[in-house]
Amino acid sequence: MDHRAEAWYRRRTSHWRDWPLAQLLANKQRDGIRISVVIPARNEERTVAGVVGPLHRALVSEAPLVDELVVIDSDSTDATAQVAAEAGATVHRARDIAPGLGAYRGKGEALWKSLLVTRGDVLVFVDADLTQWGPHFVTGLLGPLLGHPDVQLVKGFYARVRTEADGSVSTEGGRVTELVARPVLSLWWPHLAGVVQPLAGEWAARRSLMESLSIPVGYGVELATLLDTVSRHGLNALAQVDLGSRAHRHQANHDLAVMAAELLAVAARRRSGPYRLMPGFALEQFEREEGQVRRRSRPVPTKERPPASGVRGDGSPGPGGRLRPELICTAE
């Protein structure tokens, strides 16, 4: 491992048990920090209450650690919004947040728009499809931010529990992480090779950091945030926490391929500078149906939202604000 990555790993890796709730509450009160938990969700009616409910009970009702528990509903066609609200979340439909800015499908879009409807000084992001987890995910991620003022971004990592088709259980999740993200970091950013799960959906950041970054509207948000944070603030601004184990819904390989293409586009831009804009970038895939090979072209989200510091809560531009999304793309 790169010597910088190894030194960072020893210095900035902790376990969720290192951050007891009483200590977090004391640090929060001492510094007057507000905390928002944001859960992006799309068609997660089955699991979202199992995420919102325990968080509301443990960290809002029983202990006043979390000030806002917010679900950003990304055009769900099921009862995700209703179920989340009944479980204790404040629910916002992504498309209804600053509608004058337009809307794009994707996780990054939900996280970017959450900045316009939350007030927390620190934001914790948690996926809505978790099935084996606990509120310690949030307390663990908050630990380094409340304990070290120079930390800007905290990544979670865990054993990813996967149920196979035959009912057996393995920890062979994280296919895009192992096949795309980790090789990219090892090749181009070896000082980040110590980040165990760069694409983890559970992470936390200071609002000031999030409002300063361009945010890809799709699944590239985790990689982009990681790369841009370290580029601007150095390795010492990054920490990671062992959260134990996690289970969630797994996606088909064809869907993961689109995610991989988004990640490569994000990495390519940050590795080599501006590229020629290529609107309509699509991933060509092939499937065999009834003995025939069929081609499928799937669009890859390559837009980025500009820093939210230039956008007021109603969607209007603040001083010096830029509201037009930027395009990112691969080279010719």
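The following paragraphs examine the structure supplied in this document. (Residues numbered from 1 in each chain as written. Predicted model: local features only at pLDDT ≥ 70, side-chain atom pairs only at ≥ 80, totals over all residues. Heavy atoms only, no water.)

1. With respect to unusual backbone geometry
Glycine aside, residues mostly have negative phi, and peptide bonds are mostly found in the trans state. Test applied: A run of DSSP states H or I qualifies as a helix once it reaches four residues; a run of E qualifies as a strand once it reaches two. Both are numbered from the N-terminal end. Burial classification: accessible surface area is computed with a 1.4 Å probe over protein chains only, and a residue below 20% of its type maximum counts as buried, one above 50% as exposed, and the rest as partly exposed.
Unlike most non-glycine residues, Asn 43 shows phi in positive territory, near 55°. Relative to the elements of secondary structure, Asn 43 occurs in the loop between β2 (35-41) and α3 (48-61). Classification of Asn 43 by relative accessible area gives partly exposed; the value is 29%. Unlike most non-glycine residues, Ala 98 shows phi in positive territory, near 45°. The residue Ala 98 is located in the loop between β4 (90-93) and α5 (107-114) in this model. Accessibility expressed as a relative area gives 7% for Ala 98, which makes it buried.

2. Some words on the packing of aromatic side chains
What counts is decided by this rule: In this scheme Phe, Tyr and Trp rings, the latter by its six-membered ring, pair at centre separations within 6.5 Å, and the angle between planes marks the pair as stacked below 30 degrees, edge-to-face above 60, and tilted otherwise.
Enumeration over the complete set of coordinates arrives at 4 aromatic pairs. Here the aromatic rings of Phe 125 and Trp 203 are separated by 4.6 Å at their centres, their planes lie at 45°, and the arrangement is tilted. Residue Phe 125 is found in strand β5 (residues 122-125), and its partner Trp 203 is found in strand β9 (residues 203-206); the two are separated by 78 residues along the sequence. Judged by its relative accessible area of 1%, Phe 125 is buried. What makes Trp 203 buried here is its relative accessible area of 1%. An angle of 10° between the planes, with centres 5.9 Å apart, marks the rings of Phe 137 and Tyr 158 as stacked. On the criterion of sequence distance, the pair formed by Phe 137 in helix α6 (residues 136-147) and Tyr 158 in strand β7 (residues 153-163) is long-range, its members being 21 residues apart.

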